Amino acid sequence: MEKFQERRFLKKEILYLPNDEKNLVFLVKHGRVRIYLAYEDKEFTLSILSPGDVYSTHTRAFIQAMEDTTILVTDVRNFQKIVINSPVFGLNIVKVLGDLLKSSFTIINSLVFKETYLRLAEFLVQAAEDIGIPVQQGIKLELGLTTEEIALIVGSTRQTVSVFLNDLQKSGILEKVNRRTILIKDLKKLQRIESGF
């Protein structure tokens, strides 16, 4: 990693702005990074990067630390040499790009066709499939996200997301274990909401 420079950022600090002139590549060493688009007063999260994920600064997206974060940065030429010598970095880029593409299509589809509560239901169902932990009471989601961060992902407000989560809790579909963990008690009902039924 001698070709990488370590940089540290505080929670909510912007790492890079859209179309940053510096064409760099970075690897998340510690913390989490949010990749998002912003238009007027709305923000749309494209991806959340975790340790080991690789991304480029030269895009049209904002790059923000979700918590105190450390990244390793290098320029594109150095990174190309690193990929040639260690193809695993190239595979990681493909994974991140795949996640970004999937998120982009989901956002476009949701913004055009779906109401906020449907977008939130879709987010929870997808999270259950991707990272859900089966437990006796249902499916445990250790999202590591606050209500405000979930709202940013689904393109809504914290208040709207909070109201919908409370409604789901009252109807017995889910239970909020703590600020960052949700227990889905009835996935089938949540899937019916996602489908608009």
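Look a little higher up for the structure.
**Describing the overall build of the protein chain**
The helix and strand tally for the protein chain stands at 6 helices and 12 strands. Of all 197 residues assigned to the protein chain, the portion counted as buried reaches 41%. Sequence-distant contacts in the protein chain: of pairs separated by 6 or more residues, those separated by 24 or more amount to 69%. For the protein chain, the exposed surface amounts to about 11500 Å²; the carbon and sulfur share of it is 53%.

**Details of the packing of aromatic side chains**
Under the definition given, this model contains 4 aromatic pairs. Ring plane angle 65 degrees and centroid distance 6.2 Å describe the contact between F26 and Y55, whose orientation is recorded as edge-to-face. Of the two residues, F26 is situated in strand β3 (residues 24-30) and Y55 in strand β6 (residues 54-56); the sequence distance between them amounts to 29 residues. The pair formed by F26 and Y55 is uniform in burial state, with each residue classed as buried.

Conventions adopted
Residues numbered from 1 in each chain as written. Predicted model: local features only at pLDDT ≥ 70, side-chain atom pairs only at ≥ 80, totals over all residues. Heavy atoms only, no water. Helix = DSSP H or I, 4+ residues; strand = E, 2+ residues; numbered from the N terminus. Buried < 20%, exposed > 50% of the residue type's maximum accessible area, 1.4 Å probe, protein only. Contact = heavy atoms within 4.5 Å. Areas by Shrake-Rupley, 256 points an atom, 1.4 Å probe, with all protein chains shown as cover. Phe/Tyr/Trp six-rings, centres within 6.5 Å; stacked < 30°, edge-to-face > 60°.

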